[in-house]
Amino acid sequence: MTNISFIGSWLVSEYLYTPVGEYVGVIHQRRQLIPKDDVIRVIQHCEPVKVTTELSENAKETLEIMNKRVGEFVFDLKLVGKARHYLGEDVIGGGFSWRDGVLTARGFWTRFGYNFTSFSILLNPKRQVTGGKFFIANQEVATIVGVAVPENEGYPELSDSKISGDYKGERFLISPDGELLETMEVTANETTFTDKDGMRGNEKKYGALTETETVDAPGQTTSAIEVVDNVSGSIAGIWKTFRDEKLSQVYVYVLRK
């Protein structure tokens, strides 16, 4: 749900989508991370979904579900090397920090009653993109993509329009146990990572978030997420490659205009 680079008090805007990608509204959240003995106490106060458009029946179902996640939720986060253990009470599960500020996780919101997967990427010390999905077992009920900033900056916005032109940064190749294997300087544009020569599969957009699932070669698949943030002029992504259903490598990148 979060990472150690983000200790303090933050405001989060979460953009809510149905499983088919229909926009539902935005959720404002106050988030505090407070060091406490050998854990970090996480306090999240979630507001009801702010709806600004006419909703389909499916979108109304997603709205009803997410409006059950309103109020204060508290859990403890324990750091175990690069692993992150969520100890409850309101969130249980675990995550892994691929780099400082880059986390993926999964688990269960106990009072809310839904399984989750999540990611967070720190774009700079004062801006983080975050998101994830909620499920009943493997039945998806909602997708969220959001952005978080320090509390004194007010609730942030995340635009889903593309960044045109060239952007630069580093792409990191990481082993399944979190070891940095290679750092590559990248100069890219809007077609760099969409031209997946020899890769076959599907992609799905949820506003600023693009998810991609591909088969790259016999026995090899890739599961990728990418978030575009026009405010900071950043594009960030996490690609996980599996070989024979075993995680074989991870790519992480944050590129800027």
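Residues numbered from 1 in each chain as written. Predicted model: local features only at pLDDT ≥ 70, side-chain atom pairs only at ≥ 80, totals over all residues. Heavy atoms only, no water.

### Things to note about the packing of aromatic side chains
Inspection of the entire model under this criterion finds eleven aromatic pairs. Among the aromatic residues, those joined into a cluster by ring pairs are Phe73, Trp109, Phe112, Tyr114 and Phe134. Between the NZ or CZ atom of arginine 69 and the centre of the ring of tryptophan 109, over which it lies, the distance is 5.3 Å. We note arginine 171 situated over the ring of tyrosine 251; from NZ or CZ to the ring centre the distance is 4.9 Å. (Phe/Tyr/Trp six-rings, centres within 6.5 Å; stacked < 30°, edge-to-face > 60°. Lys NZ or Arg CZ within 6 Å of the ring centre and 35° of its normal.)

### Some words on the sheet that holds strand 9 (residues 127–136)
Taking strand neighbours around the barrel as the criterion, the ten strands line up as 1-2-3-4-5-6-7-8-9-10 in a closed arrangement whose pairing is antiparallel. Strand-to-strand, the axes of this sheet are offset by a mean angle of 25°, without reference to chain direction. For strand 6 (residues 91–99) and strand 7 (residues 102–109), the ladder comprises eight bridges, and the chain directions are antiparallel. Along strand 7, the bridge assignment pairs arginine 99 with valine 102. Together, strand 1 (8–17), strand 2 (23–36), strand 8 (114–124), strand 9 and strand 10 (139–150) form the strand contacts of helix 1 (residues 57–66), whose direction differs from that of strand 10 by roughly 60°. (Pairing = 2+ DSSP bridges. Helix = DSSP H or I, 4+ residues; strand = E, 2+ residues; numbered from the N terminus. Axes fitted to C-alpha atoms, helices over the stretch in contact; angles between N-to-C directions. Contact = heavy atoms within 4.5 Å.)

### With respect to the confidence of the model for the protein
The predicted model of the protein averages 93 in pLDDT, with 94% of residues at 70 or higher. Confidence, expressed as mean pLDDT per element, reaches its minimum in the protein at strand 12 (residues 180–188) with 91 and its maximum at strand 7 with 98. (pLDDT = per-residue confidence, 0-100.)

### Some remarks on the sheet that holds strand 17 (residues 246–256)
Here we have seven strands laid out as an open sheet, ordered 12-11-17-16-15-14-13, and antiparallel in their pairing. Bordering the open sheet on either side are strand 12 and strand 13 (200–206), each of which pairs with just one other strand. On average, each strand axis in the sheet is tilted by 15° relative to the strand beside it, whichever way the strands run. Pairing of strand 15 (residues 220–229) with strand 16 (residues 234–243), which is carried by ten bridges, proceeds in the antiparallel orientation. Paired with threonine 221 across the bridge in strand 16 is phenylalanine 242.

### Description of the pattern of salt bridges
Pairing between side chains of opposite charge can happen when their charged atoms approach one another. Throughout the structure, instances matching the rule amount to eight salt bridges. Between lysine 78 and aspartate 38 there is a salt bridge, with the nearest N and O atoms lying 2.8 Å from each other. Remark: aspartate 38 occurs in the loop between strand 2 and strand 3 (39–46) and lysine 78 occurs in strand 4 (residues 71–80); sequence separation between them is 40 residues. Residue aspartate 229 is joined to arginine 127 by a salt bridge in which the shortest nitrogen-to-oxygen separation is 2.6 Å. Taken as a pair, aspartate 229 in strand 15 and arginine 127 in strand 9 lie far apart in primary sequence, 102 residues in all. In this pair, the class of aspartate 229 matches that of arginine 127, namely buried. Via salt bridges that share partners, Lys133, Glu140 and Glu211 belong to a single interconnected network. (Salt bridge = Lys/Arg side-chain N within 4 Å of Asp/Glu carboxyl O. Buried < 20%, exposed > 50% of the residue type's maximum accessible area, 1.4 Å probe, protein only.)

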